[in-house]
Amino acid sequence: MADSYLQKTFTSNGNRRTMTISFWVKRASEGTQTTMMGTGSTGAINSFIRFEAAGRLKIFDYNGQSDQWIVETSRYLRDCTSWYHLHFIIDSTQSTAADRVQVWINGERVTKFNSPTYPDEDSEGNWNTAAQSWAIGCQRYSGSNSQFFDGQIAHMNFIDGTACAATVFGETDSTTGEWKPILSPSVTYGDEGFFLKFENSGALGTDSSGNSNTFTV
């Protein structure tokens, strides 16, 4: 549905230093700025994952005045015929700055970015805070929603408190050599974690992690 999205506000903070975000996406169009997921408050604090208009992939954390950190791929993802597995590891406990925000596409780590900035070591970001309202399918900023995503999203996993490898959620098909999803990943989701399969059209936000962190349309 046009301009529809999923939303949830948690009542307590999760781990704000270490987390994993992993999902599959297929674009229906390109050329505009669209957001797959993120969090935002009634103020100008927000964090999100989106496609830029030119087709680059961006993830960042904004505190209302400036970017806490921002990572944007040099690579363009403009293919609207294929699925991408997008996998992000946020872990500010890492001593190497470039390891604190990792981006993986179809099982391969991305190493080329446009002037990236990374979280300070052991810093706590805006992702995974109770004050933020999660939105899937759009950007939430200053209490309103915009940049609605045009396409399909499948098997969205959010892991609270653990840095998980991309191979937990995807694997190479032994026959075709293509990267494919692991439909039942073996993972501990943490208190604020969730697993959205989007398989029930009447209840798209159903959480399959065991945490009952269900989103509403």
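Keep in mind that this is a model prediction, so the values were computed, not measured.

A. Spatial organisation of the overall build of the protein. If you tally the helices and strands in the protein, you get 0 helices and 16 strands. The globule rule puts the C-alpha radius of gyration for 217 residues at 17 Å, and the 16 Å found for the protein is close to it. Counting the 217 residues in the protein, one finds 47% classified as buried. For the protein, the proportion of contacts with a sequence separation of at least 24, taken over those separated by at least 6, is 63%. Carbon and sulfur atoms make up 43% of the accessible area of the protein, which amounts to about 9700 Å² in all. In the protein, 16 positive and 23 negative side-chain charges are present, and the distance between their average locations comes to 4 Å.

B. Inspection of unusual backbone geometry at higher detail. Even without a glycine there, the phi angle at Asn106 is positive, about 50°. Tracing the sequence through the fold places Asn106 in the loop between β8 (101–105) and β9 (108–109). Phi at Asp122 takes a positive value of approximately 65°, unusual for a residue other than glycine. With respect to the helices, strands and loops of the structure, Asp122 is situated in the loop between β9 and β10 (133–136). Asp122 gets classed as partly exposed once you look at its relative accessible area, which sits at 38%.

The rules behind the values
- Residues numbered from 1 in each chain as written.
- Predicted model: local features only at pLDDT ≥ 70, side-chain atom pairs only at ≥ 80, totals over all residues.
- Heavy atoms only, no water.
- Helix = DSSP H or I, 4+ residues; strand = E, 2+ residues; numbered from the N terminus.
- Rg over C-alpha atoms; globule rule 2.2 N^0.38 Å.
- Buried < 20%, exposed > 50% of the residue type's maximum accessible area, 1.4 Å probe, protein only.
- Contact = heavy atoms within 4.5 Å.
- Areas by Shrake-Rupley, 256 points an atom, 1.4 Å probe, with all protein chains shown as cover.
- Lys, Arg positive; Asp, Glu negative; His and termini not counted.
- Charge placed at Lys NZ, Arg CZ, Asp CG, Glu CD.

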